[in-house]
Amino acid sequence: MNKIIIIGGGAAGFFTAINAKEQNPNLDITILEKGKEVLQKVKISGGGRCNVTHACFEPKELVKFYPRGEKELLGPFHTFMTGDTFEWFDDRGVPLKIEEDNRVFPEANTSQAIIDCFQNQVEKLGVKVLKNHGVISIEKEANQWIVTTKNSEFVADKLVVAAGSSNKAWELAKSLGHRIVEPVPSLFTFNIKDQRIIDLLGISVPNATVNIVDTKLESSGPLLITHWGMSGPAVLKLSAFGARILAAKNYQYNVQVNWLSRPTDKIVNVLLNLKKKQPKKQVSLKSPFSEIPRRLWERLVIASEISDKHKWADLSHKHVNDLANQLTKGVFNANGKSTFKEEFVTAGGIDLKEINFKRFESRIHDNLFLVGEMLNIDAVTGGFNFQNAWTGGYITAKAIAED
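Position labels on residues start from 1 in each chain and follow its written sequence. Since the coordinates come from a predicted model, pLDDT governs what is reported: local features require at least 70, and pairs of side-chain atoms require 80 or more to be given and counted, while whole-chain, interface and lining totals use all residues. Excluding hydrogens and water, the side-chain figures rest on all heavy atoms present in the structure.

> Help me understand helix α12 (residues 317–329) in this model?
Residue pairs three or four apart in sequence face the same way in an α-helix, which turns once every 3.6 residues. Between its terminal C-alpha atoms α12 stretches 17 Å, which fits the 18 Å expected from 13 residues at 1.5 Å a residue. Along α12, the residues classified as buried are His 319, Val 320, Leu 323, Ala 324, Gln 326, Leu 327 and Thr 328. Residue contacts follow a heavy-atom distance rule, with two residues in contact if any of their heavy atoms lie within 4.5 Å. Helix and strand definitions follow DSSP, with helices as H or I runs of at least four residues and strands as E runs of at least two, each counted in order from the N terminus. Next to the buried residues of α12 lie β16 (252–258), α10 (264–277), α11 (294–303) and β17 (330–339). What a helix should span is 1.5 Å times the count of its residues minus one. Note on classification: 1.4 Å probe, protein chains only; a residue is buried when its accessible area is under 20% of the maximum for its type, exposed when over 50%, partly exposed between these limits.

> Explain helix α4 (residues 70–79) here, please?
Three or more residues of α4 are buried, namely Leu 73, Pro 76 and Phe 77. Projection of α4 onto a plane perpendicular to its axis shows the buried side chains occupying an angular sector of 105°, all on one side. Facing away from the buried side of α4, by more than 90 degrees, are the exposed residues Lys 71 and His 78. To obtain the arc, one takes the directions from the helix axis to the C-beta atoms.

> How should the packing of aromatic side chains be read in this particular structure?
How two aromatic rings sit relative to each other is set out by the distance from centre to centre and by the angle between their planes. Note on aromatic contacts: the rings of Phe and Tyr and the six-membered ring of Trp form a pair at centre separations within 6.5 Å, being stacked when their planes are under 30 degrees apart, edge-to-face when over 60 apart, and tilted otherwise. A complete count under the given rule lists 24 aromatic pairs for this structure. With 5.4 Å between their ring centres and 80° between their planes, Phe 190 and Tyr 253 make a pair best called edge-to-face. Highlighted residues: Phe 190 in strand β12 (residues 188–192) and Tyr 253 in strand β16, separated in sequence by 63 residues. When sorted by exposure, Phe 190 lands in the same class as Tyr 253, which is buried.

> How should unusual backbone geometry be read in this particular structure?
Trans is the common state for peptide bonds, and a negative phi is the common state for residues other than glycine. Positive phi outside glycine occurs at Leu 39, with the angle close to 55°. Tracing the backbone shows Leu 39 in the loop between β2 (28–32) and α2 (40–48). By relative accessible area, which is 1% here, Leu 39 ends up buried. The backbone of Asp 214 shows a phi angle near 70°, a positive value even though the residue is not glycine. Structurally, Asp 214 can be placed in the loop between β13 (204–212) and β14 (218–225). With relative accessibility at 75%, the residue Asp 214 sits in the exposed group.

> Please clarify how the state of the cysteines should be interpreted in this entry.
As used here, a disulfide is simply a covalent bond connecting the sulfur atoms of two cysteines. Pairs of cysteine sulfur atoms within 2.5 Å are identified as disulfides in what follows. As enumerated under the stated definition, the model contains zero disulfides in all. The thiol sulfur of Cys 56 is not disulfide-bonded, and the nearest other cysteine sulfur, from Cys 50, lies at 18 Å. The class of Cys 56 is buried, set by a relative accessible area of 11%. There is no disulfide at Cys 117, and the cysteine sulfur nearest it, in Cys 50, is 11 Å away. Residue classification places Cys 117 among the buried residues on the basis of a relative accessible area of 6%.

> Where do I start with the environment of Glu 37 in this structure?
Checked against the element boundaries, Glu 37 lands in the loop between β2 and α2. Judged by its relative accessible area of 46%, Glu 37 falls in the partly exposed class. The sequence separation of Glu 37 and Leu 224 amounts to 187 residues, and the corresponding C-alpha distance is 33 Å.

> It is not clear to me how the sheet that holds strand β7 (residues 135–141) should be interpreted in this structure. Could you clarify?
In short, DSSP must find at least two bridges between two strands for them to pair. Within the open sheet, the three strands sit side by side as β7-β8-β9. Their pairing is antiparallel. At either end of the open sheet lies a strand with only one pairing partner, and these are β7 and β9 (153–156). Going across the sheet, the axis of each strand differs from the next one's by a mean of 20°, ignoring polarity. Only C-alpha atoms enter the line fits that serve as axes; for helices the fit covers just the stretch in contact. Angles between N-to-C directions range over 0 to 180 degrees.

> I tried to follow a negative patch on the surface on my own but got confused; where do I start?
The grouping of Glu 87, Asp 90, Asp 91 and Glu 107 at the surface amounts to a negative patch. Position of Glu 87 relative to the elements: it lies in helix α5 (residues 82–91). Residues form patches when they are more than 30% accessible in relative terms and have no salt bridge. Like charges link within 9 Å. Nonpolar side chains (Val, Leu, Ile, Met, Phe, Trp, Tyr) link within 5 Å. Accessible surface area values rest on a Shrake-Rupley calculation with a 1.4 Å probe, where residue burial reflects the displayed protein chains alone. For salt bridges, the criterion is a side-chain nitrogen of Lys or Arg within 4 Å of an Asp or Glu carboxyl oxygen. When charges are tallied, Lys and Arg are placed among the positive residues and Asp and Glu among the negative ones, while His and the ends of the chain are skipped. Charge coordinates come from a single atom per side chain, which is NZ of Lys, CZ of Arg, CG of Asp or CD of Glu.

> Explanation requested: the sheet that holds strand β3 (residues 53–54) in the structure shown.
Strand pairing in a sheet is mediated by backbone hydrogen bonds. Such pairs are either parallel or antiparallel. Spatially, the three strands line up as an open sheet ordered β3-β5-β4, and their pairing is antiparallel. Of all the strands in the sheet, just β3 and β4 (96–98) have a single pairing partner and so form its edges. Across two bridges, the pairing between β3 and strand β5 (residues 103–106) is antiparallel. From the neighbouring strand, Thr 53 faces β5, where its bridge partner is Val 104.

> In this structure, what is going on with the pairing of β5? I would like to understand it.
For a regular strand, side chains alternate in direction, first toward one face of the sheet and then toward the other. Here three bridges tie β4 to β5, and the two strands are oriented antiparallel to one another. Bridging from a neighbouring strand, Lys 97 pairs with Phe 105 of β5. In this structure, the hairpin formed by β4 and β5 is closed by a connection of four residues, where Asn 102 is found at a positive phi of approximately 75°.

> Even after reading the chapter, I still don't get the pattern of salt bridges, so can you show me in this structure?
Two side chains with opposite charge may pair up if their charged atoms get near one another. One pass over the structure, following the stated rule, counts 16 salt bridges. The residue Asp 28 makes a salt bridge to Lys 128 at a minimum N-O spacing of 2.7 Å. Here the residue Asp 28 occupies a position in strand β2, and Lys 128 occupies one in strand β6 (residues 128–130), the gap between them amounting to 100 residues. The buried category is assigned to Asp 28, whose relative accessible area is 16%. The partly exposed category is assigned to Lys 128, whose relative accessible area is 39%. Between Arg 262 and Glu 291 there is a salt bridge; the shortest N-O distance is 3.0 Å.

> Any chance you could explain the side chain of Asp 378 here in plain terms?
Structurally, Asp 378 is set in the loop between β21 (368–370) and α13 (384–402). Classification of Asp 378 by relative accessible area gives buried; the value is 0%. Any pair of nitrogen or oxygen atoms within 3.5 Å is treated as a polar contact; in protein, a donor-acceptor pairing is required on top of that, and neighbouring residues in sequence qualify only through side-chain atoms on both sides. Within the structure, Asp 378 has its side chain in polar contact with the side chain of Arg 68 (distance 2.5 Å). A polar contact of 3.4 Å, which involves the side chain of Asp 378, links it to the side chain of Ser 186. The contacts of Asp 378, once residues within four sequence positions are left out, are Tyr 66, Pro 67, Arg 68, Ser 186, Val 345, Thr 346, Ala 347 and Asn 385.

In structure tokens form, the structure reads like this:
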């Protein structure tokens with residue numbers, strides 16, 4: 001009987017174990033979890049609802065959401081895709097639903113549905129789950145793996161490391177000869193102290209375009225003003241794709257915001273038209289753009305040196321141009337970052353050149369499989385990191401079951 005050890009009691013570890021055991025019931029599978037509880041990241045994901053995947057059903061489109069791993073995941077996504085994830089959970093009594101922003105959650109609206117599904121499956125299949133088993137060392141002897149924890153020693157024919165973005169797990173991989181791309185934070189908010197947005201906590205615009213000055217980094221989407229500065233999908237996506245560039249800048253950079261995602265000249269025309277059509281109305285009193293909340297509009301008006309007494313007729317061409325620039329080319333200084341706790345992700349991990357993505361197996365050692373955030377793969381927020389875990393887990397399971 002083939003003995004399989006899986007290091008890591010998270011999403012990727014459980015998914016690998018369940019699929020491998022379902023395909024080959026003769027496997028003896030043990031999951032080793034260092035903590036007191038398993039599936040903790042699943043529990044808190046999506047605000048406690050578990051953002052299982054994303055409703056994107058074309059591999060070529062799906063890979064575009066991965067700043068690192070885009071090329072490598074194209075083949076695996078043709079094997080196990082988002083549609084397969086829907087079917088997998090539905091077959092095991094956990095139907096999924098698609099929300100307006102295409103994020104996918106359990107119909108039960110709680111991450112506990114996913115946790116219960118996994119725990120019921122491993123119990124039914126006879127997969128052993130050992131908690132408080134932090135791995136101290138991994139050694140290869142002949143064709144077997146010796147895994148030592150603080151409690152026991154295990155011998156395995158095949159070893160799966162699915163311990164997430166863990167420094168300890170990366171050190172273990174390093175001890176086996178793998179190269180680790182140094183981890184840096186991904187998915188973080190921009191720390192910005194600026195009079196234009198201070199005390200506007202919770203105000204958002206539906207579709208801003210944000211770019212990092214003096215780089216090619218640009219992103220569009222909803223933007224949220226927070227206590228720390230700026231967040232929301234547009235900022236989080238930019239932080240993911242710019243993770244290494246922004247780390248190299250020591251998180252000090254300038255951010256240009258187009259609050260309307262429209263060209264400056266078109267906004268100038270709108271403002272000139274307002275000057276003609278409503279000359280006696282006060283400029284600061286009401287935002288003429290439905291996308292711009294009144295309080296943000298007031299701040300941008302003040303930043304353009306237009307007082308609360310100015311009427312549209314009073315505006316000079318300079319006023320109009322300054323206001324158009326504030327709306328479409330406002331520059332904000334970012335100094336530092338705040339981790340987006342709910343979706344904490346790092347850019348970094350095992351060098352992708354060292355992985356055979358047809359099996360998610362190490363190119364350095366046979367029978368060593370590496371899954372999920374152990375690898376230098378990460379994605380923007382929206383369920384994509386879990387999809388990487390499901391795809392990698394399924395392909396690893398298939399390789400283990402068939403050998």
